[in-house]
Amino acid sequence: MTIKPVLGVQADDEWSPLRAVIVGRAGRACFPSAPAKMIEATMPSAHAHRFQPKAPFPEKLIAKAEAELDYFAAILKAEGIEVYRPPAGIDWLAEEGYTGAMPRDGLMSVGNTLIEACFAWPCRSREIEIAYTSILDAVSKDTRVQIVRRPASSFANTLLDEEDSCTRQWAINNSRPAFDTADFMRLGHTILGQYSHVTNQAGVDYIQQHLPKGYQVEMIEVNDPSAMHIDATILPLRDGLLVYNPMKITEAALRQHAVLASWDLQPYPFIPQAPTEPPLYMTSPWLCLNALVLDGKRMVVEASDLQSAQWYESLGMECIMCPFKHVNSIGGSFHCATVDLVRDNS
Ligand code: ABU
């Protein structure tokens, strides 16, 4: 059977059948560096001292993470999904950047539109340009695709300026649009988002302004003083079923959004435990909710996480197990490591 290449961008939810996807590559990945205030607000305290300039992750860890990303990409290809990858071997140490393994933080598809994040962390400011320009060029050969590149004004390094910083809930101010696309979860015409240490009101306004007609952002009330990315807090499994982290969000907060009013909302019933090796340098063990749903029936889950897999299966999902602990160690799981380009919801 020949598989017809799927070009372009057409995706606006997390569960319709996945036809084309980006899977990241680690490259010579480094601990992202940011001012102490930002690191203390967002990163696990046991590892905060590592987030310095020019601090590469251990080579062996990266080699294993790359192998996991390749294996994951092979699983998706075997399912008939078109997989796009960034170039291999990007030297993020020389670029003074982080990695190309977490494209979900920097790109979001909404309908035929791909929106680039206005990253708050300066070390990530050129991540999409460096790793993903060739993919953006390839998908934009389809003239229906709209790519929203971050504007020059969003590079201003003013977000940590001090005014009001004592009374602010978040590390960043509102002096220019800032958002990571991983602070948003797409549920069709409604996109649920959270304010965080990397997403401000100007960023939310910017997204709303660039969405295709008929789509709107709604901000969700989350109880997470370290908030940075919503994709370990809520996970839609299919139309009508969403799982959530009850330590960070309540059912009542979710029900406030009309799109979820009649959904089955399931709290994750366990307290996930962090592995001892390799360490979770950048995240909590709630990465168990950072899964990739292939089509509302099947999802990719970390190979050793039998507890989550059994629970997801009790909710009617089939789990495809894939080793990913070393990718987890450098900052994310299957959702973070991907960007949906095409989902078939016709
Ligand atoms: N994007 C990954 C989020 C991880 C966490 O909330 O711990």
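Residues numbered from 1 in each chain as written. Predicted model: local features only at pLDDT ≥ 70, side-chain atom pairs only at ≥ 80, totals over all residues. Heavy atoms only, no water.

Labelled according to an unreviewed UniProt entry, the protein chain appears under the name Glycine amidinotransferase, mitochondrial, originating from Penicillium cinerascens. UniProt lists a comment for the protein chain under the heading Pathway (unreviewed entry), and it reads "Amine and polyamine biosynthesis; creatine biosynthesis; creatine from L-arginine and glycine: step 1/2." For the record of the protein chain, the UniProt heading Sequence similarities (unreviewed entry) holds the text "Belongs to the amidinotransferase family." (UniProt positions renumbered as here; feature names shortened; annotations may be inferred.)

*Asks:* Explain unusual backbone geometry here, please?
*Replies:* A negative phi angle characterises most non-glycine residues, just as the trans form characterises most peptide bonds. Cis geometry marks the peptide bond from Glu277 to Pro278, where omega comes out at -15°. Mapped onto the secondary structure, Pro278 falls in the loop between β11 (264-267) and β12 (292-293). Phi is positive for Lys54, which is not a glycine, with a value near 55°. With respect to the helices and strands, Lys54 occurs in the loop between α1 (36-42) and α2 (59-78). You will see that Glu96, though not glycine, has its phi angle at about 55°, which is positive. (Helix = DSSP H or I, 4+ residues; strand = E, 2+ residues; numbered from the N terminus.)

*Asks:* Is there a simple way to think about the packing of aromatic side chains in this case?
*Replies:* The relative placement of two aromatic rings is captured by the distance of their centres and the angle of their planes. Enumeration over the complete set of coordinates arrives at 14 aromatic pairs. Taking the centre distance of 5.5 Å and the plane angle of 70° together, the rings of Trp15 and Trp263 count as edge-to-face. Taken together, the positions of Trp15 in the segment before β1 (18-23) and Trp263 in the loop between α5 (251-255) and β11 put the pair 248 residues apart, joining distant regions of the chain. You can call Trp263 buried: its relative accessible area is 7%. Note on Phe179 and Tyr206: the rings are 5.6 Å apart at their centroids and 35° apart in plane angle, and the pair reads as tilted. With Phe179 in the loop between β5 (146-148) and β6 (184-187) and Tyr206 in helix α4 (residues 201-210), the pair connects residues that are 27 residues apart, well separated along the chain. Accessibility assignment for this pair places Phe179 and Tyr206 in one class, buried. (Phe/Tyr/Trp six-rings, centres within 6.5 Å; stacked < 30°, edge-to-face > 60°. Buried < 20%, exposed > 50% of the residue type's maximum accessible area, 1.4 Å probe, protein only.)

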